[in-house]
Amino acid sequence: MIAGDLLEVNVFDPDLYANGDPGQNGLPVELFVRLREGAPCVRLPCEIPGHEESAWVLSRYEDVSAMLREPDRFVSGSGVTMRATHTTVSEDGGKPAMITMDGQAHVRNRRLVNRGFTPPVVRSFEAHFRTIATDIVHRAVDLGTFDFVGEVASQFPLHAICDLLGVPDADRPALAQWTNTLTTPTDPEYAPTPAEFFNAMEHMWAYGLELADLRRRSPGTDVMSVIVAAADSDALSEDELMGFVFTLAAAGNETTRNSASHALLALLQRPEQLAWLRERVDRIPDSAIEELLRWSTPVIYIRRTAARDVEIAGQQIAAGEAIAGFVASANFDAGEFPNPLELDLARQPNRHLTFATGPHLCMGAHIARLELRILFEELLSRTKDIQLEGPIDYARDSYVRGVKRLGVRVS
Ligand code: HEM
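What counts as what
- Residues numbered from 1 in each chain as written.
- Predicted model: local features only at pLDDT ≥ 70, side-chain atom pairs only at ≥ 80, totals over all residues.
- Buried ≥ 20, exposed ≤ 12 C-beta atoms within 10 Å, placed from the backbone.
- Helix = DSSP H or I, 4+ residues; strand = E, 2+ residues; numbered from the N terminus.
- Pairing = 2+ DSSP bridges.
- Near = placed C-beta within 6 Å.
- Nonpolar A, V, L, I, M, F, W, Y, C, P; charged D, E, K, R; others polar.
- Axes fitted to C-alpha atoms, helices over the stretch in contact; angles between N-to-C directions.
- Contact = placed C-beta atoms within 7 Å.
- Core = buried A, V, L, I, M, F, W, Y, C linked by C-beta atoms within 7 Å.

Looking at this structure, I do not really get the pairing of strand E2 (residues 54-58). What am I missing?
A regular strand carries its side chains on alternate faces of the sheet. Of all five residues in E2, four are buried; the element is thus mostly enclosed. Pairing analysis gives five bridges linking strand E1 (residues 41-45) to E2, with the strands arranged antiparallel. By the bridge assignment, Arg-43 is partnered in E2 with Trp-56. Of the strand pairs in this sheet, E2 and strand E8 (residues 322-326) are connected by three bridges, and their pairing is parallel. Of the residues in E8, the one forming a bridge with Val-57 is Ala-324.

Help me out: how do you make sense of the site of the ligand in this one?
In the vicinity of the ligand lie 25 residues, with Val-80, Thr-255, His-360, Cys-362 and Gly-364 positioned nearest. Mapped onto the shell around the ligand, the elements with two or more residues apiece are helix H11 (238-269) and helix H15 (365-382). Here the element with the most residues in the shell around the ligand is H11; it accounts for seven residues. Looking at the shell around the ligand residue by residue, the class counts come to 15 nonpolar, nine polar and one charged.

Quick question: what am I supposed to make of unusual backbone geometry here?
Across the chain, the bulk of peptide bonds are trans and the bulk of non-glycine residues have phi less than zero. In this chain, Gln-348 is followed by Pro-349 through a cis amide linkage whose omega measures -5°. For Pro-349, the location among the structural elements is in the loop between helix H14 (327-330) and H15. The phi dihedral of Asn-25 falls on the positive side, at around 60°, and the residue is not glycine. Considering the arrangement of structural elements, one finds Asn-25 in the loop between helix H1 (14-18) and helix H2 (29-38). A positive phi is found at Ala-313, a non-glycine position, where the angle reads about 45°. Here Ala-313 shows up in the loop between strand E6 (310-312) and strand E7 (315-317). Given 15 C-beta atoms within a 10 Å radius, Ala-313 is considered partly exposed.

Help me understand the sheet that holds strand E4 (residues 145-147), please; the structure alone is not making it clear to me.
Hydrogen bonds between backbone atoms are what pair the strands of a sheet, whose relative direction is either parallel or antiparallel. The three strands lie next to each other as E4-E12-E9, forming an open sheet whose pairing is antiparallel. If you trace the sheet from one side to the other, it starts and ends with E4 and strand E9 (386-388), each paired once. Taken pair by pair, the neighbouring strands of this sheet meet at an average axis angle of 30°, ignoring direction.

How do you make sense of helix H7 (residues 155-165) when you look at a structure like this?
An α-helical turn contains 3.6 residues, so any two residues separated by three or four positions project in the same direction. In terms of residue burial, H7 counts as a mostly covered element, since 10 of its 11 residues are buried. For H7, the full list of buried residues reads Gln-155, Phe-156, Pro-157, Leu-158, His-159, Ala-160, Ile-161, Cys-162, Leu-164 and Leu-165. Residues of H7 that are buried make contact with helix H5 (119-143), helix H6 (148-153), helix H8 (172-183), helix H10 (223-229), H11 and H15.

What should I look at first to understand the nonpolar core in this one?
The tendency in soluble globular proteins is for nonpolar side chains to be buried as a group. In this structure, Leu-58, Val-64, Ile-323, Ala-324, Phe-326 and Val-327 are the most contacted members of the largest nonpolar core, which totals 118 residues. Setting aside residues up to four positions removed in sequence, Ile-323 forms contacts with Ala-55, Trp-56, Leu-58, Met-67, Phe-74, Arg-303, Arg-304, Ala-306 and Ile-317.

Written out as structure tokens, the structure reads:
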């Protein structure tokens, strides 16, 4: 029997995350504990304009993980968020992208895009990423006091993904602005009006084709050049190219920047963990990167749709109903992570769901890990001390766990 008040909580409320308590990692951790213990699968309202009205909310690690690993029962084709209009679903007037594809279409798209991400291509970017990170970190550190998000966390992933995609320097600020608006549409600072959202979408799509055309005419070593060089059945259609650029720009920019920002705050709040990391700054251990990824959980929930009638945790879910697997709860489930609310940079094993799991496992996971490692290696080796300068400013959104500002002073 589910306690009555648990049937009414609004875990989709963007203000819950905008006003999160930094002392609790900005997350409604107690509410998630109550859901995991008292209502691990429960239908909850989602009272946000422009969003679907309700979804089955999964909060336990094992249920979220199982849902992501069963694409036949839980499909992505009706959208992976609760937004009512999906920019990557053709039936909604969007452009198709692998993140919202199922079955063979997904396999095909992922295979074609993957060809641009071969290990040699990714390896060739490591040295280059370090040059970008060194530049960005040095410039910021010279300022002494600065906004970590604006100067570092948003800059490095932006330039990294744009280099990967072959986006010319001059186009990058506009691309950053469109992805902010498109991925965080419930934050009035990023999307003041619905019209701005649609405007950004049109620009992003048009840019996808423009970039494809540029890389066709003047190929480089980037991923887009590899993708547009494919012919016949291996070529992405125009619509797929538009969806691809949108997905990659959004996925590559927003998540990594938020991950780095949540991670830095967590370290500054825990001097002993920061000291542990500083001792290993020559090569930050993988366990530290995994723990910072678990801790930061930049995607709050992942939505799927029941392909047929199913049962989860004793609840009957009808075909067509939306299900939201809350990664922000699963990643802190004591059933999987001992002392889940402790940041433990040596934690092992660490099977966090930050990059999802199953067939849609994040395609940029190895790139994001590399970026985070390089960024913290550069930042920590270039500074002796970092202090917080003002409160963290969280974005108003319940899908992307964004950070808008994080003031720091360094010496
Ligand atoms: C910390 C950084 C990142 C996080 C937390 C993250 C998270 C995720 C998650 C949760 C998904 C699965 C979504 C779903 O199944 O509905 C995903 C998919 C994806 N991500 Fe990432 N991502 C990150 C960085 C990146 C980067 C840097 C790239 C590109 C270089 C990227 C490209 C993609 C792509 C293309 C997909 C779709 C994969 C598919 O549908 O098969 N991501 N990401």
